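# Breakdown of the fold
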Amino acid sequence: MDAENVVHTGGCHCKSVRWKVLAPSSVVAWNCNCSDCYMRANTHFVVPADNFELLGDSGKFLTTYTFGTHTAKHTFCKICGITSFYYPRSNPDGVAVSYRCVDPGTLTHVEVRNFDGKNWDSAYSQTGISSFSKVQAEK
């Protein structure tokens with residue numbers, strides 16, 4: 001992955017929800033098969049929460065769904081229904097950004113890895129996904 005971060009912008013289909021995120025131009029995205037991600041075909045990359053910012057009045061267009069442990073906060077636009085980001089169980093200190101919701105032009109490469117959300121506990125310990133929301137030290 002690229003060590004240097006760039007600013008990506010993106011949001012939902014109707015553009016009521018807009019955000020910016022600081023992340024590399026080459027990212028690792030997770031294709032999860034938990035019951036929610038699977039049904040939404042959500043493939044996302046994870047960033048530290050401090051690297052994510054909602055823009056304008058986007059918050060008023062969001063609603064949240066939780067289930068199971070209620071740790072993950074699945075946000076989506078009240079108008080168009082798109083989940084452009086959410087707060088994942090695997091990374092409570094981070095934000096999961098749906099890579100297909102990033103505006104064109106700043107992502108140069110997306111490596112898709114599988115996360116076995118149906119067997120969450122073993123997948124969590126085997127994938128190293130929790131490290132993706134940690135701020136990386138400057139070199």
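Numbers given to residues run from 1 along each chain, matching the order in which its sequence is written. This being a predicted model, a pLDDT of at least 70 is required before a residue's local features are given, and a value of 80 or more before pairs of side-chain atoms are given or counted; all residues contribute to the totals for chains, interfaces and linings. Excluding hydrogens and water, the side-chain values take into account all heavy atoms of the structure.

- An unreviewed UniProt entry lists the protein chain under the name CENP-V/GFA domain-containing protein, from Crotalaria pallida.

## Describing the sheet that holds strand β10 (residues 109-115)
- Here the rule is simple: two strands pair whenever DSSP picks up at least two bridges between them. Only DSSP runs of H or I covering at least 4 residues are called helices, and only runs of E covering at least 2 are called strands; the numbering of each starts at the N terminus. Spatially, the 5 strands line up as an open sheet ordered β8-β9-β4-β3-β10, and their pairing is mixed. Edge strands, defined here as strands with exactly one partner in the open sheet, are β8 (85-86) and β10.
- Pairing of strand β4 (residues 43-48) with strand β9 (residues 94-98) involves 5 bridges; the strand directions are antiparallel. Within the sheet, the bridge partner assigned to His44 lies in β9 and is Ser98.

## Thoughts on the packing of aromatic side chains
- Planes of paired rings set the category: under 30 degrees apart is stacked, over 60 is edge-to-face and the rest tilted, where pairs are Phe, Tyr or Trp rings (Trp by its six-membered ring) whose centres lie within 6.5 Å. Per the stated rule, a full pass over the model turns up 4 aromatic pairs.
- Between the aromatic rings of Tyr65 and Phe67, the centroid separation amounts to 5.7 Å while the plane-to-plane angle is 25°, which identifies the pairing as stacked.
- Think of it in three bands: with a 1.4 Å probe and only protein chains considered, a residue is buried below 20% of the maximum accessible area for its type, exposed above 50%, and partly exposed in between. Of the residues examined, Tyr65 reaches a relative accessible area of 41% and is grouped as partly exposed.
- Given the relative accessible area of 29%, Phe67 is considered partly exposed.

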